[in-house]
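# Structural characterization, general
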Amino acid sequence: MNVSLVTPFWYAPGGISSVCRELARALGGAGHSVRVFTAEKPPLEGTDRHAATFARPECCRGIFGLFTAIARAVPDVIHVHASGRLLLAAIVGRWLCPHRRPRIVFTFHTQPQVKSYLPLSPVERRSRIRAAALNFVLSRCWAVTCVSKSLAENLSVETGLDTTRSFIVPNGVSTSLLASAEVGSVRATEGGHEGSPVVCMVGNMAWDWKVAGMTLLAEALGTLRDSYPSLQLWLVGDGRFKSVVEESIRVKGLERAVRFWGSVSDVVAILKRVDVYAHISFNEAHPVAVLEAMSMGLPIVALRAGGLPELICDEVTGLLVDGSVDDIASAIRRLLNDRERARGLGRSAQAAVRAKYQWSVIAEQYVRIYQGTERLTSTAASVQISGAGRSSTP
């Protein structure tokens, strides 16, 4: 099968680019022909750390460049990720294919933002016209997928998008990461550091719902340092709201207890040195960072919000907490005090990843969707999902 992956991000750090790279790798490993088209400008020569793994994607500047490139590729399937503009270009490109009409699949990745989590990030007003236009474009697709049930529900309720016939296909973790995770899981469950215990969170600081969680985590750190004077908080990621976190830490006098790593190419190397992974974020869909921590066998504390409860089963694969400083601090304290309990949660999380979130398994589900053999189920609960795949003819 010839598959064209169309993505707004490929080179930049983040969940969408990571998902697209791993999906391309898994589809290629299963014997499918994959071409990648992106609107993202490539990095300087010699700085692309993915160049040795994948054929360099075709950078298409503008809608016209994209749909003509797709038309030349003549794929069986066009899989568009996270961008309505790119989806529109794919639909035009589909009609320009001379000998076939490729099936179009669209994947939603990010939760809609209906409230502001920081004073400096006003929420854009929702447009009914925009929603109607996107619904029309989505109706031209062979299939629509969402990375979590929570995402499908929120898109329907909060934005008026029709997700009643969406497939739920989660994000995954690469086989290579699971292989390297054996080392990390041993380190993380044998009593932690000889020196300071470390709590870590990975997140893009361009999203206010992640940054608001990081400030709560920093406040919880201040509470915990009464019992653990050497406790460290490591924050991995960068973005426009980083200064908000820095100021919050400065006000609390925690500068020496918090380390900012910025955007890194090897998150695994950091996770191998962590005792507890905490993901305090208010509006997640299906975060890759949590999957990576699970694959490393780390004990996890996560906010009971968005799609996080779909990833973390409370008291089984991690601890779910409410958005209070006391609740966050109490959960972290439990894991630091009870290493045996932390080991058990980490092992269960790692087993869950191996069973459900390997990219080889997820790529197979996407292929069934491409072929029209995957059946819709009731996995979206309040989003009514029934029937089979959509017609390839608009």
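Residues numbered from 1 in each chain as written. Predicted model: local features only at pLDDT ≥ 70, side-chain atom pairs only at ≥ 80, totals over all residues. Heavy atoms only, no water.

### Observations concerning the nonpolar core
Spelled out, the test is: We define the nonpolar core as a collection of buried residues of types Ala, Val, Leu, Ile, Met, Phe, Trp, Tyr and Cys that are connected through side-chain atoms lying within 4.5 Å of one another. Throughout, exposure labels follow a simple rule: accessible area from a 1.4 Å probe, protein chains only, divided by the maximum for the residue type, with under 20% read as buried, over 50% as exposed, and the rest as partly exposed. Helix and strand assignments follow DSSP, with helices taken as H or I runs no shorter than four residues and strands as E runs no shorter than two, numbered in order from the N terminus.
Within the largest apolar cluster, 70 residues are counted, with the highest numbers of intra-cluster contacts made by C200, L217, L235, Y277, M294 and V301. Per-element tally for this core: the top contributor is helix α7 (residues 208-224), with 9 residues. Formed by 30 residues, the second largest nonpolar core is a distinct cluster that contains F106, V137, L138 and C141.

### Comments concerning the sheet that holds strand β9 (residues 232-236)
Two strands in a sheet stick together by hydrogen bonds in their backbones, pointing the same way (parallel) or opposite ways (antiparallel). Spelled out, the test is: Strands pair, by our definition, only if DSSP identifies at least two bridges between them. Throughout, an axis means a line fitted to C-alpha atoms (over the contacting stretch in the case of helices), and angles, computed between N-to-C directions, take values from 0 to 180 degrees. Note on contacts: a residue pair is in contact if any heavy atoms of the two residues lie within 4.5 Å.
Taking strand neighbours across the sheet as the criterion, the 6 strands line up as β10-β9-β8-β11-β12-β13 in an open arrangement whose pairing is parallel. Since the sheet does not close on itself, it has two edges, and those belong to β10 (258-262) and β13 (319-321), each with one partner. For this sheet, the mean inter-axis angle between neighbouring strands, taken without regard to orientation, is 20°. As defined by bridge partners, strand β8 (residues 198-202) adjoins β9 across 5 bridges and the pair is classed as parallel. Bridge assignment links C200 to a residue of β9, and that residue is W234. Sitting on the sheet, α7 is in contact with β8, β9, β10 and β11 (276-279), with an inclination near 170° to β9. Taken strand by strand, helix α10 (residues 288-295) contacts β8, β11 and β12 (300-303), and its axis lies near 160° from that of β11.

### Some words on the confidence of the model for the chain
Short version of the rule: Each residue carries a pLDDT value, the predictor's own confidence for that position, ranging from 0 to 100.
The predicted model of the chain has a mean per-residue pLDDT of 86, with 85% of residues at 70 or higher. Contacts from residues 50-55, a stretch scored under 50 in pLDDT, to residues over four places away or in other chains number 8 contacts. Confidence over residues 183-193 falls short of pLDDT 50; this stretch has 23 contacts with residues more than four positions distant or in other chains.

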